[in-house]
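# Chain and residue survey
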Protein chains: 4
Amino acid sequence: MMKGLAKSYLSTRAQTEELCKPLEIEDYVVQPIEDVSPPKWHLAHTTWFFENFILKKDKSYKVYDDLFFYLFNSYYEHEGERWKRPERGYLTRPTVKEVYQYRAYVDERMRDLISRLDTEKDTEMINTIELGINHEQQHQELLLTDLKYILCHNPLKPVYSSQKILKSERQIANKGYLSFEGGVHDIGYTGGAFCFDNEKPVNKVRVNDFSIASSPVINKEYIEFIDSGGYNDFRHWLMEGWEWRKANNINAPMYWHKEGTNWYEMTLNGYQKLDLSSPVTHISFYEAEAYATWKNHRLPTEFEWEVAANSLNIDMEECNFLESKTYHPQTAIYENYDSDAVTNFLGNAWEWTGSSYLPYHGYKQAEGALGEYNGKFMINQMVLRGGSCATARDHIRTTYRNFFHADKRWQFTGIRLAKTE
Amino acid sequence: MMKGLAKSYLSTRAQTEELCKPLEIEDYVVQPIEDVSPPKWHLAHTTWFFENFILKKDKSYKVYDDLFFYLFNSYYEHEGERWKRPERGYLTRPTVKEVYQYRAYVDERMRDLISRLDTEKDTEMINTIELGINHEQQHQELLLTDLKYILCHNPLKPVYSSQKILKSERQIANKGYLSFEGGVHDIGYTGGAFCFDNEKPVNKVRVNDFSIASSPVINKEYIEFIDSGGYNDFRHWLMEGWEWRKANNINAPMYWHKEGTNWYEMTLNGYQKLDLSSPVTHISFYEAEAYATWKNHRLPTEFEWEVAANSLNIDMEECNFLESKTYHPQTAIYENYDSDAVTNFLGNAWEWTGSSYLPYHGYKQAEGALGEYNGKFMINQMVLRGGSCATARDHIRTTYRNFFHADKRWQFTGIRLAKTE
Amino acid sequence: MMKGLAKSYLSTRAQTEELCKPLEIEDYVVQPIEDVSPPKWHLAHTTWFFENFILKKDKSYKVYDDLFFYLFNSYYEHEGERWKRPERGYLTRPTVKEVYQYRAYVDERMRDLISRLDTEKDTEMINTIELGINHEQQHQELLLTDLKYILCHNPLKPVYSSQKILKSERQIANKGYLSFEGGVHDIGYTGGAFCFDNEKPVNKVRVNDFSIASSPVINKEYIEFIDSGGYNDFRHWLMEGWEWRKANNINAPMYWHKEGTNWYEMTLNGYQKLDLSSPVTHISFYEAEAYATWKNHRLPTEFEWEVAANSLNIDMEECNFLESKTYHPQTAIYENYDSDAVTNFLGNAWEWTGSSYLPYHGYKQAEGALGEYNGKFMINQMVLRGGSCATARDHIRTTYRNFFHADKRWQFTGIRLAKTE
Amino acid sequence: MMKGLAKSYLSTRAQTEELCKPLEIEDYVVQPIEDVSPPKWHLAHTTWFFENFILKKDKSYKVYDDLFFYLFNSYYEHEGERWKRPERGYLTRPTVKEVYQYRAYVDERMRDLISRLDTEKDTEMINTIELGINHEQQHQELLLTDLKYILCHNPLKPVYSSQKILKSERQIANKGYLSFEGGVHDIGYTGGAFCFDNEKPVNKVRVNDFSIASSPVINKEYIEFIDSGGYNDFRHWLMEGWEWRKANNINAPMYWHKEGTNWYEMTLNGYQKLDLSSPVTHISFYEAEAYATWKNHRLPTEFEWEVAANSLNIDMEECNFLESKTYHPQTAIYENYDSDAVTNFLGNAWEWTGSSYLPYHGYKQAEGALGEYNGKFMINQMVLRGGSCATARDHIRTTYRNFFHADKRWQFTGIRLAKTE
């Protein structure tokens, strides 16, 4: 088991650094909006997590740099004062090189510590390391979407990866709507492996009759919404969404550009003509909700989504995850793909649900700093399900609850429609 | 029936004006924060509602003043451009006198119209008039809480009513916690009278085992939270609540003042020593949630609240509503009160629930302007249940869903605790 | 002398109340922008000035209401904490009636006190009373321009005065430019009557050769600037002015409205077709400066202005001041006016100069609260000269220095051009 | 002459790059406040200046990258749309390396062009090149102060230069006050070499009797102001300054830190104990003015300053300029310094004057983009005189007019007192 943990630790840490290979030093440093942290910060903060929550428990451990505890704490009030979040992009030091040295220092000590762990006695520490690994996977996704924000708002149109977006001659296997009868279901993680505390406790939830689309909304469909004037008709929008749209002059998904009658988009793979059959992405909850309303449909609740996803036999290998290195939602991830795979609920783009991010019945925040991991965010955010092309394959589950504010669009977010029957 | 409607219309309109009797002309005009509309505006807007949605349907109707459609539309996009909400307090004209003339003009024509209605043929119009009456009742509550904001932030401490807060020697009949077993319940309005669209359709919802307090949190208990440092300990707070608290320097409910070791509060009945046995009020969701967390309890979901309230036999006459003219939550509303009554779930103060304001399964927004009444607000707000001392007695129900943003405290809001068993 | 002082005091106090005669109670209360104080506040603050700086010096004086010292102090740090300026419009109490009672109370005691003053021994108090009278005259002007802001931004277009703007068949006597040779001049007030401390000490200032227009820019001329695209051509503007213009979407003077090809303006005399021969008014320094640049001219310095004004023989009776009751800059103030009069430098509209508001050589702020009257504002404001149609006739002088920030336009402000020869 | 120009061009360009030698790549990229541009941006913008205003005039010139015209235009409206100033720190590309390549490309073509210039025929181009050189010198100063802001707000306390601040055992030669009699002086640049347009035309200005300190205020003196409560006594402050101080919680010059009873400061030479005999620096106009008021003195006008400076025989070699490589104001710049030198008016720190930045009598903005260089900023800024330790020695003159808003403190700014006699 400890070999497994060590391997998992090291491969996750290596994966993070692998993702940074195409970066210039300059790309590591800036923070164009508060949501977007500098890549350098992600490298250091994930390291801080292990140093702070694991290594520091050992009193003989020699701290790398006391100031790093102040600089790289994200939001843990239990851990004391910290550098202000909106000012992460003002710190030119430590340099990128120094951050990699910090990583190496911590990795060496973590490797050593893991080799000495006892499966029986060190349960809590093992659990925290697993949490740290999952934490780093979350930051891999953020690193990629933050980097996308940085590169794709630059008029010089830098390219992160030369990987092309695969187009398939076969359309997505749209089987229309999957229907479910009302009933009481167990919601939440029932397996024995790692999951986040917000997926528990398992609860009985009644879901009423509903149908859910077998495939996500694609660009072609979303353009119909735009072309029909959907962005300019208040009737489709929540009031807050409508005000948000006007205040920010929103007329299309983030990264879209219209040239003449054609749509283009900035991607991590460069500036490209929009692939009409790919799932739409980089939209806010407000836009997802307005699209659904315009269609006379709605977004699924997170419970409906989970019931539907659990009913399917999803082939993880055929889903578009981080390991596919596509860095963009797309119809196919292999030249000869199985058309059923892409109808699956996992990968490509997170799907906005109509559910607010609230605790499950019986949820209890853990004591101490790690209790701050999820619980304190359970207000004014909406749940997203399913993972994306930037999510590590072994990080996602059908019970996984992601959450963002309704106006956020820099993540790989998309739409799956539902209907009340 | 039409006689009933006419009576209901006229008494509601009269009630609104009755509430304004103690006002000086100056009190009608100002808007200290965006949430708080000038009393004059409430008088005109509720009139606009009848003129716009009822009288104007008759083409022979002579509009009172075209500009009033622009000035007194609140948020109905279907009705076109409107005076900006944050600038309602800049309009010194029409004068208060002119607004009352406007009311009289519309009332005369409404009385005439109602007398000519046919129960069979004019169902839609009758429904809209009922909606208009309920709408005006909602604005009575807002008028009172807005006026409270205006008067009670004035250092001269003006008094609206000389009514005293009744104190009872008997404590509130705190029976502790009422326990309920898990099961599936019908949620939503099942009666045959008026209800808002957001209380429908009736749905099957599974509620898990829970307990709910028989009485709301009282000032004495809330002071314990303050005295134990609850406002300064991040562990009890959602992150947004904690940031809100710091940014706004919140250390006690709105209107509370500490003199030496004693707490006082500004009320519509003047500046008074805090009654320790009265329900706490004028707190945000953030404070309610923090209090519950500090107590190792939680807020009930709106479904739990409804299940519990429906299980009780509430005597509406003994609840503290607008008609009691207390204008403040309090233990007793009559000198010889029945101690059981005050444990009831209705009246006194709205109770924050842990539920986000979202549509019920199958909810569909109506076409046209009236569809904007509730549906477009279903994002980033929390549900409150039960009505308050400023709610008209025949306006409230156990299925009634009120909603405010988590930081709002100028309404009569309070706390009822729940537990997961 | 004391009779003169008493008369001056009482007539000034009466004049203020006379100006309020056309107001509705509602008009007294609101504050649509921070610059615009509620008329009620002006009534109380000018009274506070006498109570605080005169009456309170007598220990036997019985203060009217202690809280009024807090509520009606404007900006005197020496006088302690005060109600926040942006929140003056939130105070519905004291009522208008109570404010008039406050005025009557203070007036009675002031009248009594003045009758007992000794010209020899009470110099300081007499000086302060004179300052208080001049202070109240300044607030008469502000009361009128603040009221104008309140009424003239109301879509119902309320009318303050039914006085018409007089149009003359004779054009303004535009004698072109008055030329002056360079030389050293005494600048500042040399007379023996009252003046403000910022007009002193008298100083030798060298003024270089210059010409100054004999009459102000009129609406017809200003429309040429608009029609030639002056508002949309950055070349005429200071950078701050250009950013201000874009941010606030400024395309014409405040209160102007275009209907078809005609310009109208809201005035205290109602909504009127723009009189083309009247001086342009309600423009910011940025606009004045841009107009001058567009014309290949410039604004005069305050020293040039003073030198020119001092060289003229101005008939105060023919200038358009507050006593004319026109409440608007205009060509003629009498049906048979002397065309030379209107070329005069006093009355009609304040004239923006190209000078920053800075202390004269040797200026020294007085000790104590009254030292705060002028000195602490000497930064980032521009000097205006000449008074306006809202200035009391005996309040203005050629050495009088008014000052506002470069973006302010709610005062009666105008343009007189100058040239460097 | 062209050899001189070429040499001047090349040495200035080399100087800029020399200043960047100690930087890490990361240091080049960020913009912590709008005032502070990324060092990379300075490198590119100064290059853009030559490419845009010189090279592009030659139609055969091959533009380096069209987008650079958009990215590196600072504020020239004549040159069209440009990347927004507050977002300069979001551009990770072009990389630092690419910016240096851009510099090399332009330098090669500039060198070639200069060698072909004809002193007679190419006057305008030669003048523009000289302007470009002076422009780059201004940006050298900004580069250094911007870099200081970046490094010296970093808790890791990075060091730019290991140069120590020299302390001298001899005090600054404080000769007290130099007195001048009133009279008319020629103000402005009368020499034949380069100067900025804002130093012209030469004008006769009357200066009244005044005295001016022979040496600037030093840290020891400024600490007395702090220790006497100067920051907390409103009486010393302009109202805007007082509000600024409260809003920004200002209690000492920028970069000062108090440890126990000792003051330290962050400098480009690292974190150091404050040298008490060095001139105070990094203060706003508000602080300079408050200090002078506290001392019962005042700041000199820019005319007084110029008259005084012109009366002295300043040895430029003994002044502390950029070439001294001290990067900080200090008593001595050589181990054996001449104590008179440091009383000189040039170098060390810019001296705030009491004069607003306004055009000289007869000033006329040039046509076209270069007219935007100075003229459009002549509003709401204060003049500073004398240059600093970050100013190139051949860039400064006694007639040189620098200008900043009253709240700016990130430049090397200081205080020299004056008195009215």
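My aim in this report is to walk through the structure given alongside it, one point at a time. (Residues numbered from 1 in each chain as written. Chains lettered and ligands numbered in written order. Predicted model: local features only at pLDDT ≥ 70, side-chain atom pairs only at ≥ 80, totals over all residues. Heavy atoms only, no water.)

Attention shifts here to the overall build of chain A. Looking only at helices and strands, chain A features nine helices and twelve strands. Computed over the C-alpha atoms, the radius of gyration of chain A is 22 Å, within 12% of the 22 Å expected from 2.2 N^0.38 for a compact globule of 421 residues. Each of the three principal axes of chain A carries a C-alpha extent, and together these read 65 × 55 × 45 Å. Of the roughly 16300 Å² of accessible surface on chain A, a fraction of 47% belongs to carbon and sulfur atoms. Between the centroid of the 48 positive side chains of chain A and the centroid of its 60 negative side chains there is a distance of 2 Å. (Helix = DSSP H or I, 4+ residues; strand = E, 2+ residues; numbered from the N terminus. Rg over C-alpha atoms; globule rule 2.2 N^0.38 Å. Areas by Shrake-Rupley, 256 points an atom, 1.4 Å probe, with all protein chains shown as cover. Lys, Arg positive; Asp, Glu negative; His and termini not counted. Charge placed at Lys NZ, Arg CZ, Asp CG, Glu CD.)

As a further point, take the nonpolar core. Judged by nonpolar contacts, the single largest core of 240 residues is most densely connected at Ile129, Tyr222 and Ile415 of chain B together with Ile129, Tyr222 and Ile415 of chain C. In this structure Ile415 of chain C touches Pro216, Val217, Tyr222, Val280, Ile283, Ala288, Tyr291 and Leu299 of chain C, once residues within four positions along its chain are discounted. Ranked by size, the runner-up nonpolar core spans 232 residues in total, among them Met2, Ile212 and Val280 of chain A together with Ala406 of chain D. (Core = buried A, V, L, I, M, F, W, Y, C linked by side-chain atoms within 4.5 Å. Buried < 20%, exposed > 50% of the residue type's maximum accessible area, 1.4 Å probe, protein only. Contact = heavy atoms within 4.5 Å.)

This part takes up the sheet that holds strand 9 (residues 382–385) of chain B. Residues and elements named next belong to chain B. Read across the sheet, four strands follow the order 10-9-8-11 without closing on themselves; strand pairing throughout is mixed. Only two strands of the sheet have a single partner each, and these edge strands are strand 10 (402–404) and strand 11 (413–414). Examined bridge by bridge, strand 8 (residues 350–356) and strand 9 share three bridges and lie antiparallel to one another. Bridge pairing in strand 9 links Ser356 to Met382. (Pairing = 2+ DSSP bridges.)

All right, on to the pattern of salt bridges then. Per the stated rule, a full pass over the model turns up 86 salt bridges over all chains. The partner of Arg103 of chain A in a salt bridge is Glu136 of chain A, and the shortest N-O contact between them spans 2.8 Å. With a gap of 33 residues between them, Arg103 of chain A in helix 4 (residues 96–115) and Glu136 of chain A in helix 5 (residues 123–152) connect regions that are remote in the sequence. Residue Arg103 of chain A shares its accessibility class with Glu136 of chain A, and that shared class is buried. Linking Asp186 of chain B and Lys204 of chain B is a salt bridge whose minimum nitrogen-to-oxygen distance equals 2.7 Å. Separated by 18 residues along the polypeptide, Asp186 of chain B in strand 2 (residues 183–187) and Lys204 of chain B in strand 3 (residues 203–207) bring together distant segments of the chain. On the accessibility criterion, Lys204 of chain B (38% relative accessible area) is partly exposed. Put simply, Arg13, Glu17, Arg103, Asp107 and Glu136 of chain A are held in one network by salt bridges that share partners. (Salt bridge = Lys/Arg side-chain N within 4 Å of Asp/Glu carboxyl O.)

Let us now look at the state of the cysteines. All names here are of chain C. In the structure shown here, the tally under the stated rule is zero disulfides over all chains. For Cys389, which is in no disulfide, the shortest distance to another cysteine sulfur is to Cys152 and amounts to 12 Å. Take Cys389: its relative accessible area is 0%, and that puts it in the buried class. (Disulfide = S-S within 2.5 Å.)

Turning to the packing of helix 2 (residues 39–53) of chain C against helix 4 (residues 96–115) of chain C, a few remarks are in order. Residues and elements named next belong to chain C. Packing of helix 2 against helix 4 brings their axes to within 10 Å, and their N-to-C directions diverge by 25°. It follows from the interaxial angle that helix 2 and helix 4 lie roughly parallel. Handedness of the crossing formed by helix 2 with helix 4: left-handed. Judged by residue contacts, Lys40, Leu43, Ala44, Thr46, Thr47, Trp48, Phe50 and Glu51 of helix 2 engage Val96, Val99, Tyr100, Tyr102, Arg103, Val106 and Met110 from helix 4. (Axes fitted to C-alpha atoms, helices over the stretch in contact; angles between N-to-C directions. Parallel < 35°, antiparallel > 145°, perpendicular 65-115°, else oblique. Left-handed = near helix turned anticlockwise from the far one by under 90°.)

Glancing now at the packing of helix 1 (residues 2–20) of chain B against helix 4 (residues 96–115) of chain B. Residues and elements named next belong to chain B. In contact at an axis separation of 10 Å, helix 1 and helix 4 are set at 170° when each is read in the N-to-C sense. Here helix 1 lies roughly antiparallel to helix 4, going by the angle between them. Here Met2, Leu5, Ala6, Tyr9, Leu10, Arg13, Thr16, Glu17 and Cys20 of helix 1 come into contact with helix 4, specifically with Tyr100, Arg103, Val106, Asp107, Met110, Arg111 and Ile114.

Residue and element names in this part refer to chain C. Within the open sheet, the four strands sit side by side as 10-9-8-11. Their pairing is mixed. The outermost strands of the open sheet, each flanked by one partner alone, are strand 10 (402–404) and strand 11 (413–414). Pairing between strand 8 (residues 350–356) and strand 11: two bridges, direction parallel. Each bridged residue has a counterpart across the sheet, and for Glu351 the counterpart in strand 11 is Gly414.

Below, the discussion takes up helix 6 (residues 219–227) of chain B. All names here are of chain B. For helix 6, every residue scored as buried is listed here: Asn219, Tyr222, Ile223, Phe225 and Ile226. The buried side chains of helix 6 occupy one side of the element, clustering within an arc of 150° when seen end-on. Buried positions along helix 6 lie against strand 5 (256–259), strand 6 (262–267) and helix 8 (285–294). Taken from the residues just after helix 6, Gly229 is the one with a positive phi, measuring 85°. (Arc of directions from axis to C-beta.)

Next up on the list: the interface of chain D and chain C. Across the contact, 43 residues belong to chain D and 43 residues belong to chain C. Of the roughly 3100 Å² buried at the junction of chain D and chain C (both faces included), carbon and sulfur atoms supply 58%. One can count zero salt bridges joining chain D with chain C. Connecting chain D to chain C are 17 residue pairs in polar contact (both at pLDDT 80 or more). Residue assignment for the side of chain D that touches chain C shows that the elements contributing at least two residues are strand 3 (203–207), helix 7 (239–248), helix 8 (285–294) and strand 8 (350–356) of chain D. If you tally residues by element for the side of chain D that touches chain C, the top one is helix 7 of chain D, at five residues. Residues that form the side of chain D that touches chain C fall into these classes: 17 nonpolar, 13 polar and 13 charged. (Buried area = accessible area lost by both parts, 1.4 Å probe. Polar contact = N/O pair within 3.5 Å; in protein donor to acceptor, adjacent residues only side chain to side chain. Nonpolar A, V, L, I, M, F, W, Y, C, P; charged D, E, K, R; others polar.)

Turning next to the relation of the copies chain D and chain C. For the pair chain D and chain C, the superposition axis carries a translation of 0.0 Å, the fit reaches an RMSD of 0.0 Å, and the rotation angle comes to 180°. On this basis, the relationship between the two copies can be described by a two-fold rotation axis. The overlap is high: 100% of the interface residues of chain D also sit at the interface in chain C, so the same surface is used on both sides. (Least-squares fit on C-alpha atoms with pLDDT ≥ 70 in both.)

Our focus in this paragraph is the packing of aromatic side chains. This structure, assessed with the given rule, holds 168 aromatic pairs over all chains. An angle of 25° between the planes, with centres 4.7 Å apart, marks the rings of Tyr75 of chain A and Tyr76 of chain A as stacked. Judged by its relative accessible area of 21%, Tyr75 of chain A falls in the partly exposed class. Residue Tyr76 of chain A is classed as buried on the basis of its relative accessible area, which comes to 0%. Residues Tyr222 of chain B and Trp256 of chain B carry aromatic rings whose centres are separated by 6.2 Å and whose planes lie at 80° to one another, so their mutual orientation is edge-to-face. Of the two residues, Tyr222 of chain B is situated in helix 6 and Trp256 of chain B in strand 5; the sequence distance between them amounts to 34 residues. We classify Tyr222 of chain B as buried; its relative accessible area is 0%. Owing to a relative accessible area of 8%, Trp256 of chain B belongs among the buried residues under this scheme. In this arrangement the basic side chain of Arg397 of chain A is found over the ring face of Tyr189 of chain A, its NZ or CZ atom lying 5.8 Å from the centre. (Phe/Tyr/Trp six-rings, centres within 6.5 Å; stacked < 30°, edge-to-face > 60°. Lys NZ or Arg CZ within 6 Å of the ring centre and 35° of its normal.)

A separate point is the interface of chain B and chain A. With 43 residues of chain B at the interface, the matching set in chain A holds 43 residues. With both sides pooled, the region where chain B packs onto chain A buries about 3100 Å², and carbon together with sulfur makes up 58% of that total. Interface area lost by chain B to chain A is led by Met239, His361 and Ile379 of chain B, which between them contribute 19%. The tally of links between chain B and chain A comes to zero salt bridges. Summed over the shared surface of chain B and chain A, the result is 16 residue pairs in polar contact (both at pLDDT 80 or more).

Honestly, that's just the spatial picture; any functional story needs more than this.
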